[in-house]
Amino acid sequence: MSETNGKGSATPMLDELEKGEWPSFVTQIKEMAAEKEQCQQLLELLERSYREKIGHWKHGGIVGVHGYGGGVIGRYNDLPEEFPAIAHFHTLRVNMPSGWFYTSDVLRKICDIWDEHGSGLTNMHGSTGDIILLGTTTDELEPTFKALTENDFDLGGSGSDVRTPSACVGPARCEWACYDTLDLCNDLTQTFQDELHRPAFPYKFKFKCSGCPNDCVASIARSDMSIIGTWRDDIRIDQDAVREYAENGVNIERDICGNCPTKCMEWDGHDLEIDNGNCVKCMHCINAMPKALRPGVDTGATILLGAKAPIVQGAQLSSVIVPFMKLEPPYDEIKDLAERIWDFWSENGKNRERVGEIMQRVGMGNFLEAIGVDPIPEMIAYPRENPYVFYEEYYEEEDEEAEQEEEEGAAVP
Amino acid sequence: MAVTAEQVADAMYDLVKEYQGKKKLKAMDLTHMMVERYGAEGCDKKMCKAAIRSLIDSDRCVYTYFGGSYIELPHAEGAAGGG
Ligand code: HEM
Ligand code: HEM
Ligand code: SF4
Ligand code: SF4
């Protein structure tokens, strides 16, 4: 199959990607090519695509192993006669452990399984968070799955299902964690096994858990439900440590107070004061002086909804749905919220419509009503420019509420 | 009308068969069609979920992916052939 004819490299254009002082996927695939014909053909097909400026991969069809509707991404090339070793080149998503903790033994085990059943190429990790096993044939899917499950691994999500939930390293190694991201991620994964393996939604749904607003797993941009740790009391300050930073040359006035987005900090050369009511939890000051400042102790998370990359429509960040939620086992509140959202979306969503898109289509007000969440000021990203207010509707709603309260004789706040 | 999950599974199977090659059905489509046929009282979402699971686990139907997830009769792999 080689196109060299003894005249040098079969992949001159790809070889360009081996130059420079950084890792190269070409070099890595070449290493495997010595052992696996698949890898050699993969390189040659990619070289051909670069030359012709035509992609040769088809997508779709097969999706999983027996009983599953996700976890396998079917790949076929459209030149199977010329590239028979990669006529099928399916990808497996394997659910990673929360926070990506492994023993080296288990990593070797995964590699051994994949050497035996697939191309040997892995991607640790894909931007979905999963362990990505790249390239195998349909025949090898069940045996691979069997070997994985025998070692306590399971497939992740793909297609119109709950995608593999993912979490930052959180309290395992990070002092900023405002809730146990690893535990929540694992709990959501276990609780929603059915939704993960049996796609029943209009489109995909991803949970991402970040322990603090630094949002190391980019949940605000890359997940339908972003669960971002925060606190509602005061930033903890060690004034001696602040002074130490100052003595060591940190310009607190300019670089800490001056860069606070809400200008809610003051430094008089001796004490640092924070007007916590105006702090928007941006993490800037804490990141800049980690020895002196820490998040508060009344911690939980902000729940946001609706981020997505541009596929059907443009890119979008998540919007606040619940400004503060305590997150402790058994996490019923967030699970109930997710299920209410899925109910409305499954009932009313168009094919391939993400949660963020249906929110925009029906309007935030209607959406919140449908999922049983009260609108509050924290949901406003920025005030609108015109003062257009539906006074009438306002009064009607209040009247209705008053009536209802009377009926129920409720003294609930 | 009171129905069992197995009856719902059979009815779903007939629909998938009827639509095969004409229109791809999603889990949600099948659920809507069943609730319409049997009424929300006799056949709720939970029962439809159980019915779909039984269809898949018994190999009568398979999941497929074409830009979204569908439920179809088992057949030669979609993208393996021509299109
Ligand atoms: C025109 C060609 C392609 C397009 C437009 C494309 C597009 C995409 C998109 C949008 C995703 C994200 C899907 C999601 O998370 O829901 C994705 C993921 C992925 N694609 Fe492709 N792709 C192409 C070609 C390929 C090829 C040739 C391969 C391998 C042979 C491949 C392997 C993968 C893998 C392994 C993932 C998952 C990565 C991860 O989870 O981080 N793709 N692709
Ligand atoms: C100049 C070359 C490239 C650049 C600068 C680039 C950059 C990126 C960046 C910034 C991301 C997002 C990563 C993240 O969010 O974690 C990404 C994702 C991805 N890239 Fe590339 N990339 C390049 C070439 C390629 C090539 C050649 C392939 C495959 C043949 C590829 C496949 C992917 C896939 C599958 C994803 C994940 C998509 C998703 O999950 O949404 N990229 N790339
Ligand atoms: S998101 Fe916050 S808690 Fe999680 S690893 Fe990053 S800094 Fe730490
Ligand atoms: S976290 Fe951000 S907003 Fe809050 S005090 Fe520090 S710099 Fe200001």
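Further up the page is the structure itself.
The residue numbers shown here count from 1 along each chain, following its written sequence. Chains and ligands are labelled by the order in which they are written, letters from A for the one and numbers from 1 for the other. Local features are withheld for residues below a pLDDT of 70 in this predicted model, meaning they are given only at 70 or higher, and side-chain atom pairs are given and counted only at 80 or more; totals for whole chains, interfaces and linings count all residues. Side-chain numbers here rest on the full set of heavy atoms in the structure, without hydrogens or water.

Would you take a moment to explain the overall build of chain A for this structure?
The helix and strand inventory of chain A stands at 15 helices and 15 strands. Oriented by its inertia axes, the alpha-carbon framework of chain A measures out at about 80 × 65 × 45 Å. Using a 1.4 Å probe on the protein chains alone, a residue whose accessible area is under 20% of its type maximum counts as buried, one over 50% counts as exposed, and one in between counts as partly exposed. Counting over 413 residues, chain A shows a buried share of 48%. Here, two residues are considered to be in contact whenever any of their heavy atoms come within 4.5 Å of each other. Look at the contacts in chain A between residues 6 or more apart in sequence, and 64% of them connect residues 24 or more apart. Accessible surface, chain A: about 21,100 Å² in total, of which carbon and sulfur atoms supply 49%. The convention is simple: Lys and Arg are positive, Asp and Glu are negative, and His and the chain ends are not counted. To locate a charge, the coordinates of NZ of Lys, CZ of Arg, CG of Asp or CD of Glu are taken. Separation of charge centres in chain A, based on 37 positive and 74 negative side chains, amounts to 9 Å. Segments assigned H or I by DSSP are reported as helices when at least four residues long, segments assigned E as strands when at least two residues long, and all are numbered from the N terminus. Accessibility throughout is a Shrake-Rupley quantity obtained with a 1.4 Å probe, and a residue counts as covered only by protein chains that appear here.

Teacher, can you tell me more about the nonpolar core here?
Most often, soluble globular proteins have nonpolar side chains that are buried together. All names here are of chain A. Take the buried residues of types Ala, Val, Leu, Ile, Met, Phe, Trp, Tyr and Cys, join any two whose side-chain atoms come within 4.5 Å, and each joined set is a nonpolar core. Membership of the largest hydrophobic core comes to 38 residues, with the highest contact counts inside it found for Phe207, Met225, Ile227, Leu337 and Phe367. Examining the composition of this core, we find that seven residues originate from one element, helix α12 (residues 332-348), more than from any other. Those residues within four positions of Met225 in sequence are excluded, and the remaining contacts are Phe205, Lys206, Phe207, Lys208, Ile303, Leu304, Leu305, Ile334, Leu337, Ala338 and Ile341.

Would you mind showing me how to read the environment of Val72 of chain A here?
Residue and element names in this part refer to chain A. Examined against the element boundaries, Val72 turns out to sit in strand β2 (residues 72-73). Residues Val72 and Glu140, spaced 68 residues apart in sequence, show a C-alpha to C-alpha distance of 12 Å. Non-local contacts of Val72, meaning those with residues more than four positions away in its chain, are made with Ile62, Val63, Gly64, His90, Thr91, Leu92, Leu141, Leu155 and Ser158.

Sorry, what's going on with the site of ligand 4 here?
Here a residue is near a molecule or strand as soon as one of its heavy atoms is found within 4 Å of it. Looking at ligand 4, the residues that line it are Cys260, Pro261, Cys264, Met265, Cys279, Val280, Lys281, Cys282, Met283, His284 and Cys285 of chain A. Residues were grouped as follows: Ala, Val, Leu, Ile, Met, Phe, Trp, Tyr, Cys and Pro as nonpolar; Asp, Glu, Lys and Arg as charged; and all remaining residues, including Gly, as polar. Grouping the constituent residues of the shell around ligand 4 by class yields nine nonpolar, one polar and one charged.

Explanation requested: the packing of α12 of chain A against helix α13 (residues 355-362) of chain A in the structure shown.
The description of two helices packed together rests on the angle between their axes and the distance between the axes. Residue and element names in this part refer to chain A. One way to put it is that α12 packs onto α13 with a least axis distance of 11 Å and a crossing angle of 75°. Relative to α13, α12 is oriented roughly perpendicular. Side by side, α12 and α13 meet where Ile341, Phe344, Trp345 and Asn348 of the first sit next to Val355, Ile358, Arg361 and Val362 of the second. Of the residues belonging to the contact of α12 with α13, the class tally is six nonpolar, one polar and one charged. Geometry is summarised by axes, namely lines fitted to C-alpha atoms with helices restricted to the contacting stretch, and by angles between N-to-C directions that run from 0 to 180 degrees. Angles below 35 degrees are treated as roughly parallel, those above 145 as roughly antiparallel, those between 65 and 115 as roughly perpendicular, and all remaining angles as oblique.

What's the story with the pairing of strand β9 (residues 225-231) of chain A in this structure? I'm lost.
Regular strands have side chains that alternate between both faces of the sheet. All names here are of chain A. Within β9, seven of the seven residues are buried, which leaves the element mostly enclosed by the surrounding structure. Burial along β9 is two-sided: Met225, Ile227, Gly229 and Trp231 and Ser226, Ile228 and Thr230, pointing in opposite directions, are all buried. Two strands qualify as a pair provided DSSP detects at least 2 bridges between them. Taken together, the four bridges between strand β8 (residues 205-210) and β9 define a ladder with parallel strand orientation. Bridge pairing in β9 places Lys208 opposite Ser226. As paired strands, β9 and strand β14 (residues 299-305) are joined by seven bridges and run antiparallel to one another. Across the sheet, residue Ile228 finds its bridge partner in β14, namely Thr302.

Can you help me understand the interface of chain B and chain A in this one?
When the parts come together, some accessible area is lost, and that loss is often what is quoted as the size of the interface. Facing 25 residues of chain B, the contacting portion of chain A comprises 31 residues. For the pair chain B and chain A, the summed buried surface comes to about 2,200 Å²; carbon and sulfur atoms form 49% of the total. Salt bridge, as applied in this entry: a Lys or Arg side-chain nitrogen positioned within 4 Å of an Asp or Glu carboxyl oxygen. Taken together, the links from chain B to chain A amount to four salt bridges. One salt bridge connects Lys49 of chain B with Asp194 of chain A, and the closest N-O pair in it is separated by 3.5 Å. Of all elements in the fold, only α2 (27-42), α3 (45-57), β1 (62-65) and β2 (69-72) of chain B reach the threshold of two or more residues within the side of chain B that touches chain A. At five residues, the largest contribution of residues to the side of chain B that touches chain A is made by α3 of chain B. Accessible area, probed at 1.4 Å, shrinks when two parts are joined; the buried area is that loss added up over both.

Just checking my understanding: could you explain the environment of Asp115 of chain A for this structure?
Residues and elements named next belong to chain A. Residue placement: Asp115 occurs in helix α4 (residues 104-117). Judged by its relative accessible area of 33%, Asp115 falls in the partly exposed class. C-alpha of Asp115 to C-alpha of Pro12: the two residues are 103 residues apart in sequence and 27 Å apart in space. With residues up to four places along the chain from it excluded, the contact list for Asp115 reads Met32, Lys36 and Gly120.

Explain the packing of helix α2 (residues 25-33) of chain A against helix α3 (residues 37-52) of chain A here, please?
All names here are of chain A. As a packed pair, α2 and α3 sit with axes 7 Å apart at the nearest point and diverge in direction by 140°. Overall, the two elements α2 and α3 adopt an arrangement that is oblique. The segment α2 lies against α3, with Phe25, Val26, Ile29, Lys30, Met32 and Ala33 engaging Cys39, Gln40, Leu42, Leu43, Leu46 and Tyr50. In terms of residue class, the contact of α2 with α3 is built from ten nonpolar, one polar and one charged.

I'm lost on the sheet that holds strand β5 (residues 121-124) of chain A in this one. Help?
Residue and element names in this part refer to chain A. As summarised here, the arrangement of the four strands in space is β2-β4-β6-β5, forming an open sheet in which the pairing is antiparallel. Looking at the sheet topology across the chains shown, the edges are occupied by β2 and β5. Pairing of strand β4 (residues 91-94) with strand β6 (residues 131-134), which is carried by four bridges, proceeds in the antiparallel orientation. Considered in β6, the bridge of Thr91 is made with Leu134.

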